[in-house]
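Summary of structural features
The primary structure of each chain is shown beneath.
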Amino acid sequence: MQEKGTISIHTENIFPIIKKFLYSDHEIFLRELVSNAVDASQKIKRLAALGEYTGDLGQLQVEVSVNKKKKTITISDSGLGMTAEEIKKYINQIAFSGASEFVEKFKDAGDAKEIIGKFGLGFYSAFMVADNVEIDTLSYQEGAEPAKWICDGSTEFEITEGKRKTRGTTITLHVNKDSEEFLEESRIQNILTKYAKFLPIEVKFGEKDKSVEDGEDKDGKKKWKTVKEDNIINNTTPLWTKAPADLTDEDYLKFYKELYPFSEDPLFWIHLNVDYPFELTGILYFPKIKNDFEIQKNKIQLYSRQVFITDEVKDVVPEFLMLLHGVIDSPDIPLNVSRSYLQSDGNVKKINAYITKKVGEKLGDLFKKERESYEKKWDDIGLFVKYGMISEEKFYDKAKDFVLVKNTEKKCFTLKEYETHIESNQVDKDKNKIWLYATNPAKQDAFISSAIDKGYDVLVFDTPIDSHFINHMEMKLENTQIKRVDADNIDKLIDKDEKREMVITDEQKESLKGIFDTAIANKTYTVAVEALAPSDAPVSVTMPEFMRRMKDMQATGGGGFNMFGSMPDSYNVTVNGNHKLADKILNASETEAKEGLAKQAFDLALLSQGLLEGKALTDFIKRSTAILGE
Ligand code: ADP
Ligand code: MG
C-alpha cells in the first residue's frame, strides 16, 4: 500500500503561516506533541474502562528522546494509535473553517499560543522545528495494520505500510538546521519541566543517576553506588487534582515547595474546586508578602487539564489576586485566543468573580474562627486585603468586615470596632469623626504623645499602600476624616471649637509673626501665630494633610497625581502665642536677639520633625554650642 495525497487546507500552504506566526515560540511544539501523546494514552485508558478495549493496557508512558547524531527527536506513546484512515482524517484535513479569515485575523499577532490549539494546529507545530516529520502508528483496533506517514513540510504527504508492532504512536522529527538547539538534552529537559511537570501520564526522558546503598565496607560503614533510573519528568497526580479531605497541611506545604523550590512557607491556602457553571480546580497560596511592593517572582500558574499554559494570568485572575501563588487548572478558560477576547469572555468573568468570592470567604473564615492568628498574620495579608478593597468593589463589600487597623499600642480593630473605640471623643465641631494616624511612630512621637495626652487614639499606617487605602476609606466611611497626626496642631486636627485666649495683644501677635518671617526667610514655610496651651510646643512645623497625601501617593506611583509633576514642599509653622518663649522673644532688647531666638526655636521644631539637614543642621549645632558657652 502506498498513497500520496494533498493535505486539504483552504490556504495554499499552512506551513509558511505556522513558521511565520509562531516564530517566537518554537519550543511549544514539544508541549503540543507530548499533550497529543498524553491524550492518546488517556483515550485508550478510557476505552478500556468502557470495555471497548479488552487488551492489556501495559505501561502507559510517553517517552521523549533525542538522537543528536541522526538529528531527530521522537515522542512515543502506547496510546490508542491511528489507522491509515484516521491519519487521513485527523492529520491531513486541517479543515478548520475559514482559513483565510484566520490568516487575516492573525496577520499581526505575534503570539503563537493564541493560534495553536484553537485551530487544531497542535500537531503541525512540529514543522516549526522539523523539515521532515514521520508518524509510525498502530491502532488498538482489532486487525489494524501499522501505518506510516511522512511529510516534508509541503502540502504533499505519503502514507505507507508501517512497521510498528505495538499499539501506539511514535512521532519522529527530523530537526531543521535552525532548530538544532532542540537537540540539546538540557533544552528538552527544561521545556518538559516547564510544560509537562504535572501531566497525568508519565513522561520519560532518558535516564538519570541515583545513589543507592550498596552493603557495608569492612568497617561497617554504608557503601553507596550509582545506578541509572528512568528520568520521569512529571508528578502525574498533582495536589490540586486530589480531594481536599484527603490532604494534610503538610501535603499543601510540600506541594508549594514543588511549585516554587526554595521559597518561604506560605501563610495559608485555598483549595478551589468547581464544576458548574465552569470547571476549575486549583490551589491558591497566600505568601508572606511583607510590606513592600516587591516584584513577585513566584506567579500563579495556569493549566488546562494539567498541561501548563502560562504564568501570565493577568486577565483570568483579578489584579490584586496576582499577589497570590499557586495553580489554577481549567479547561474552560479559552487559553488559545487573544487577550481582548479573554477580557470579554463570559467564563473568564465568572472565574474571576468566583476566585474573588472564595478568597474573601477564606479570609472571613480565618478572621471569625481564628482571630488571634489572623491578627498575627495581618502584617503579611494586610497589603493584599487593602489592595483588594481598593481595586474590587465586590471584595470591598466582604473585606470591610475583616480588614484591620492597628494603633500605636499594636491593638487591632475592625472598622466597626474602631468607630466604637473612638466614639464621641474624636469628633470635631462639625460632627466629623476624625481618625488620626502616624506613618512613622518613632519620628512622629511628639505629635503622637500630644494626641494621646488628649485621650485620642492614633493608628499606624506605615505601608506603601496605606496612602491609597486612606483615600479610599475616606470615600467609603461616612462623615469621617483621616488625618496624619503631625499634619497640624492636635487642637486643629480635631477642632472642637474650644476658643483659647491669647495672652499677647494683636499687635504683639503681628510683630511676632514678622520676627519669625524674617528669621526663617523661606517661602516654603507659612507662619501663623496661634493661641495654644502654654504647655504645647513653642513652635511646630507641619505639612498639611492634603499636601502630604499627594506626595505619598506620588511616591508609590498612583492616584493619578503624577501629571502634576513633582509637588513642591510646603509647610505650616505654628508659633504658640501662649508659650513663655513668645514673651521672651517679644521682650528681647535687640532685633538681632529676637530673630536669633526665633530661628533657634524654628530649627528645634524642624529637628523634631527630622527636617533639619546639611548646612542648616551644622549651623544649628554651632549656634547651640555657642549658646551653651555664653
Ligand atoms: P488536537 O490535539 O487539538 O485535536 P492536533 O493537531 O494536536 O489537534 O492533533 C490532531 C489529531 O491527531 C488529534 O485530535 C488526534 O486525533 C490525532 N493525533 C495526534 N497525535 C496523536 C497520537 N500521538 N496518537 C493518536 N492520535 C493522535
Ligand atoms: Mg493536540
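Residues numbered from 1 in each chain as written. Chains lettered and ligands numbered in written order. Predicted model: local features only at pLDDT ≥ 70, side-chain atom pairs only at ≥ 80, totals over all residues. Heavy atoms only, no water.

Before going further, it helps to examine the packing of helix α18 (residues 580–587) against helix α19 (residues 591–608). With their axes 8 Å apart at the nearest point, α18 and α19 run at an angle of 150° to one another. As the angle between them shows, α18 and α19 are arranged roughly antiparallel. α19 is crossed by α18, and the crossing has left-handed handedness. Every residue of α19 that contacts α18 at Leu581, Lys584, Ile585 and Leu586 is listed here: Lys594, Leu597, Ala598 and Ala601. (Axes fitted to C-alpha atoms, helices over the stretch in contact; angles between N-to-C directions. Helix = DSSP H or I, 4+ residues; strand = E, 2+ residues; numbered from the N terminus. Parallel < 35°, antiparallel > 145°, perpendicular 65-115°, else oblique. Left-handed = near helix turned anticlockwise from the far one by under 90°. Contact = heavy atoms within 4.5 Å.)

Bringing the packing of helix α9 (residues 346–369) against helix α10 (residues 371–391) into the picture now. Between α9 and α10, whose axes approach to 8 Å, the crossing angle comes to 150°. Viewed along their axes, α9 and α10 adopt a mutual orientation that is roughly antiparallel. The two elements α9 and α10 cross, and the hand of that crossing is left-handed. Every residue of α10 that contacts α9 at Val359, Leu363, Leu366, Phe367 and Lys369 is listed here: Arg371, Tyr374, Ile381, Phe384 and Val385.

Once that is clear, we can look at the sheet that holds strand β10 (residues 268–274). One open sheet accounts for five strands, arranged β10-β11-β14-β12-β13; its pairing is mixed. Since the sheet does not close on itself, it has two edges, and those belong to β10 and β13 (307–310), each with one partner. The mean inter-strand angle of the sheet, taken between neighbouring strand axes irrespective of direction, is 20°. Relative to strand β14 (residues 325–329), strand β12 (residues 301–304) is paired through three bridges, and the arrangement is parallel. What sits directly across from Gln301, in β14, is Val327. (Pairing = 2+ DSSP bridges.)

As a further point, take the pairing of β10. Burial analysis of β10 places six of its seven residues in the buried class, which makes it a mostly covered element. As paired elements, β10 and strand β11 (residues 280–286) share seven bridges and run antiparallel to each other. Bridge pairing in β11 links Val274 to Leu280. (Buried < 20%, exposed > 50% of the residue type's maximum accessible area, 1.4 Å probe, protein only.)

So, about the confidence of the model for the chain. For the chain, the average pLDDT comes to 85, and 87% of its residues sit at 70 or higher. Of the regions scoring below 50 in pLDDT, residues 559–563 engages in seven contacts with residues more than four places distant in sequence or in other chains. (pLDDT = per-residue confidence, 0-100.)

Before going further, it helps to spend a moment on the pattern of salt bridges. Summed over the entire model, instances satisfying the criterion amount to 33 salt bridges. Note that Lys476 and Glu393 form a salt bridge whose closest N and O atoms lie 2.6 Å from each other. A residue pair is termed long-range when its members are at least 10 positions apart, and Lys476 in helix α14 (residues 466–476) and Glu393 in helix α11 (residues 393–399) qualify at 83 residues. Using a relative accessible area of 42% as the deciding quantity, one classes Glu393 as partly exposed. The salt bridge partner of Lys454 is Asp491, with a shortest N-O separation of 3.3 Å. Placement of Lys454 in the loop between α13 (445–453) and β18 (458–460) and of Asp491 in helix α15 (residues 490–493) is noted, with a sequence separation of 37 residues between them. Judged by its relative accessible area of 24%, Asp491 falls in the partly exposed class. Salt bridges here are not isolated pairs; linked through shared partners, they connect Glu27, Glu181, Arg187 and Lys194. (Salt bridge = Lys/Arg side-chain N within 4 Å of Asp/Glu carboxyl O.)

On to the packing of aromatic side chains. Scanning the model with the defined rule gives 31 aromatic pairs in all. These aromatic residues form a ring-pair network of at least three members: Tyr195, Phe198, Trp240, Phe255, Tyr303 and Phe308. We note Lys386 situated over the ring of Phe469; from NZ or CZ to the ring centre the distance is 5.3 Å. Across from the ring centre of Tyr396, 4.6 Å away, lies the NZ or CZ of Lys476, which sits over that ring. (Phe/Tyr/Trp six-rings, centres within 6.5 Å; stacked < 30°, edge-to-face > 60°. Lys NZ or Arg CZ within 6 Å of the ring centre and 35° of its normal.)

Counting residues in each nonpolar core, the largest one holds 61 residues, and the members touching the most others are Trp149, Leu173 and Leu192. When residues of this core are assigned to their parent elements, the largest contribution, seven residues, is made by helix α2 (residues 28–49). In this structure, this core is formed jointly by two domains, domain 1 (2–205) and domain 2 (239–374), each of which donates at least three residues. With near-sequence residues (within four places) excluded, Leu192 lies in contact with Leu30, Val34, Val64, Lys197, Val203, Phe205 and Ile233. Counting 58 residues, the second largest nonpolar core, distinct from the first, contains Phe268, Ile381, Cys412 and Phe413. (Core = buried A, V, L, I, M, F, W, Y, C linked by side-chain atoms within 4.5 Å. Domains from an automatic or database assignment.)

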